[in-house]
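Observations on the model geometry
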Amino acid sequence: MTGGGSGGHITPILAVARELKLLRPDIKVVYISHTGDPMDDVPAQDKNIDEMYHVRAGKFRRYHGEGWQQIFDLETLYLNIRDALFILIGLWQSFWLLRKIHPGIIFTRGSYVSVPVGLAAALRGIPYVTHDSDAIPSLTNRIIARWAAVHAVALPEELYPYPIDKSITVGVPISGEYRQVDDTLRNKYKEELNLKGYDTVILVTGGGLGAQRLNDAVIANAQYLLQRYPGLAIVHLTGRIHENEVASAYDKLLKGDEVRSRVIVKGFVTDMQRYTGAASIVIARGGATNLAELAVQAKPCIIVPNPLLTGGHQLKNTAALKQQGAIIELTEEQIEQELRLSSVLSDLIDNPDKARTLSRQFASFARPDAARQLAGILLQKARFTAEGEKKAV
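Overview of the structure. Note that residues are indexed from 1 along each chain, following the sequence as it is written. At least 70 in pLDDT is required for a residue's local features to be given in this predicted model, at least 80 for side-chain atom pairs to be given and counted, and no such filter applies to totals for whole chains, interfaces and linings, which use all residues. No hydrogens and no water enter the side-chain calculation; it runs on all heavy atoms of the structure.

As for the overall build of the chain
Stated formally: Each helix is a run of H or I in the DSSP string that is no shorter than four residues. Each strand is a run of E no shorter than two, and both are numbered from the N terminus. Radius of gyration: over C-alpha atoms. The globule rule applied is 2.2 Å multiplied by the number of residues raised to the 0.38 power. Between two residues, a contact is recorded if the distance between any of their heavy atoms is within 4.5 Å. For the accessible areas, the method is Shrake-Rupley and the probe is 1.4 Å, while residue cover comes only from the protein chains on display. Lys and Arg are tallied as positive, Asp and Glu as negative. Neither His nor the chain termini are counted. To locate a charge, the coordinates of NZ of Lys, CZ of Arg, CG of Asp or CD of Glu are taken.
Summing up its helical and strand segments, the chain has 15 helices and twelve strands in all. Against the 2.2 N^0.38 benchmark of 21 Å for 393 residues, the chain shows a C-alpha radius of gyration of 22 Å, consistent with a compact globule. Once local pairs closer than 6 in sequence are excluded, the contacts in the chain between residues at least 24 apart make up 66%. Just so you have it, the chain exposes about 17700 Å², and 53% of that area is on carbon and sulfur atoms. The chain carries 45 positive and 42 negative side-chain charges, and their two centres are separated by 4 Å.

This is how it looks when you write it as structure tokens:
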């Protein structure tokens, strides 16, 4: 398994690893990350990962909406040249690492570490399966697509620039811990998280790396919401690098106010399904993995897609959901308007039928079996040893 860099890449990998172990407990699962990945501790602590290695990797910096001239910015140019060298180093490291590991198959989620690993696999004749969660395939997967055994995709395969005969729609693999949340399960999660005393729980998440503008917008609306709804709590998952800053902002904003105790700030959690499951309403970004998890739980959501990510893929991820009335979508500009976010949240809190309608529509997009299907594909395509046993994945 190779990937990393963000929760959106790691979560699907670990979900597939779990299903592999359930299907074949004797299989050995190896994880290859890039040197310096700040999210390394997540796969390292996962019980389904048997070994972990690191190789150098680099990324090509592009800035959606800023034009090609940004690429020739001196700092950007330097970083791209440096990272090109990292890719070459990583290719050399991967080539010899794969000789040592001798995997039967490789699964790549498309983060930039997959370039050296995928190219090394092609050179060694090792089959690999790519996966694209987003409506737009990642640059990494496009680079290594030619030699892939299978292209697993989240949406109908005809939407992707891959050969149809090598493509299969599976959805987005998510942890088996996610399932549809009814009132009983929601109350159970609330009790486990010490949130049972609150009528309404607003869960805010910008992903594992956080989202500065989303964090700022929620902070700006917090005081109004907490004062209007005495039974409301805000659970704010900020991203690791933003945790102290966001906590300090709440301390300053709500200093001396008893409502501060109703704001819970955490940088990152490993049991996200409990936090989203306990929530009455979720405010989140438009990453494909995040949306897949929330759809399975049938959560009423306010989604704020990041328009600057490559190709605007979060905007495309949310387009169909918005059209079918499965989510409420707000732009970054809209959430920065004074009390705009509060107004939308209040409408959902005051109109539970509207929230239930969103939940039902969102649930219709759920594909909870994606991880199991992907695990089956990997086992089917894996090479056999001379003794007939599966090699490492």
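Quick word on a nonpolar patch on the surface
Note the cut-off: Exposure above 30% relative accessible area and no salt bridge define the residues that can form patches, which grow by joining like charges within 9 Å and nonpolar side chains of Val, Leu, Ile, Met, Phe, Trp and Tyr within 5 Å. Basic side-chain nitrogens of Lys or Arg form a salt bridge, by our definition, when they fall within 4 Å of a carboxyl oxygen of Asp or Glu. Burial classes follow relative accessibility: with a 1.4 Å probe on protein chains only, a residue under 20% of its type's maximum area counts as buried, one over 50% as exposed, and anything between as partly exposed.
A surface patch of nonpolar side chains, about 310 Å² in accessible area, is lined by L74, L77 and I81. Considering the arrangement of structural elements, one finds L77 in helix α3 (residues 74-101). According to the relative accessible area criterion, L77 is partly exposed, its value standing at 34%.

Looking at the sheet that holds strand β5 (residues 150-153)
For clarity, the threshold we go by: The rule for pairing is simple: two strands pair if DSSP sees at least two bridges between them. Note on definitions: angles span 0 to 180 degrees between N-to-C directions of axes, and those axes are lines fitted to C-alpha atoms, for helices only across the stretch in contact.
Read from one edge of the open sheet, four strands run β3-β4-β5-β6, paired in parallel fashion. Every interior strand has two partners, whereas the edge strands, β3 (106-108) and β6 (167-169), have only one. Taken over all neighbouring pairs, the strand axes of this sheet differ in orientation by 20° on average, direction set aside. Bridge count for strand β4 (residues 128-132) against β5 is four bridges, and the pairing is parallel. Across the sheet, residue V129 finds its bridge partner in β5, namely V150. On the sheet, helix α15 (residues 370-381) packs against β3, β4, β5 and β6 and is oriented at approximately 160° with respect to β4.

Overview of the nonpolar core
Put simply, the test is: Think of a nonpolar core as a cluster: buried Ala, Val, Leu, Ile, Met, Phe, Trp, Tyr and Cys residues, connected wherever their side-chain atoms sit within 4.5 Å.
Ranked by internal contacts, the top residues of the largest apolar core, which has 38 residues, are L195, L203, V235, V282 and F362. Those elements that place two or more of their residues in this core are α6 (183-192), β7 (200-205), β8 (232-237), α9 (272-278), β10 (281-284), α10 (288-297) and β11 (301-303). Apart from residues lying up to four places away in sequence, L203 is in contact with V235, L237, Y275, T276, A279, I281, V282 and I283.

What to know about the sheet that holds β7
Strand order across the open sheet formed by six strands is β9-β8-β7-β10-β11-β12, with parallel pairing between neighbours. The open sheet has two free edges, formed respectively by β9 (263-266) and β12 (328-329), since each of these has just one partner strand. Taken together, the three bridges between β10 and β11 define a ladder with parallel strand orientation. Counterpart to I283 in the pairing with β11 is I302.

A closer look at helix α7 (residues 212-228)
Inclusion rule: One less than the number of residues in a helix, times 1.5 Å, gives the span that helix is expected to have. At every residue, the bend is computed as the angle between two fitted axes, covering the seven residues ending there and the seven beginning there respectively.
If you check α7, its first and last C-alpha atoms are 25 Å apart, about what 17 residues at 1.5 Å a residue would give, namely 24 Å. The largest bend along α7 measures about 40° and falls at A222. The set of residues buried in α7 consists of L214, N215, A217, V218, I219, N221, A222, L225 and L226.

Some words on the environment of E338
Looking at the element boundaries, E338 is found in the loop between α12 (332-335) and α13 (340-350). Of the residues examined, E338 reaches a relative accessible area of 76% and is grouped as exposed. Separated by 113 residues in sequence, E338 and L225 place their C-alpha atoms 13 Å apart.

Things to note about unusual backbone geometry
Not every positive phi belongs to a glycine, and H102 is a case in point at roughly 55°. Its location among the elements puts H102 in the loop between α3 and β3. Positive phi, close to 60°, is recorded for L339, a residue that is not glycine. Counting through the fold element by element, L339 comes out in the loop between α12 and α13.

A short note on the pattern of salt bridges
Opposite charge on two side chains permits pairing when their charged atoms draw close. Within the structure shown, the criterion is met by 19 salt bridges. With a closest N to O distance of 2.8 Å, E51 and K28 form a salt bridge. Remark: K28 occurs in the loop between α1 (7-23) and β1 (30-34) and E51 occurs in strand β2 (residues 51-55); sequence separation between them is 23 residues. Across the salt bridge formed by E329 and K322, the nearest N and O atoms sit 3.7 Å from each other.

Re helix α4 (residues 114-124)
Listed in full, the buried residues belonging to α4 are S114, V115, P116, V117, G118, A120 and A121. Where α4 is buried, its residues contact β1, β2, α3, β3, β4 and α5 (139-144).

Re the pairing of β5
The line we're drawing: When the strands point away from the viewer, a crossover counts as right-handed if the path from the first strand over the helix to the second runs clockwise.
Burial along β5 is two-sided: the face carrying V150 and A152 and the face carrying H151 and V153 are both buried. Between the parallel elements β4 and β5, the chain passes through α5 in a crossover that is right-handed. Sheet topology places β5 next to β6; three bridges connect them, and they run parallel. Looking at β6, one finds that H151 is bridged to S167.

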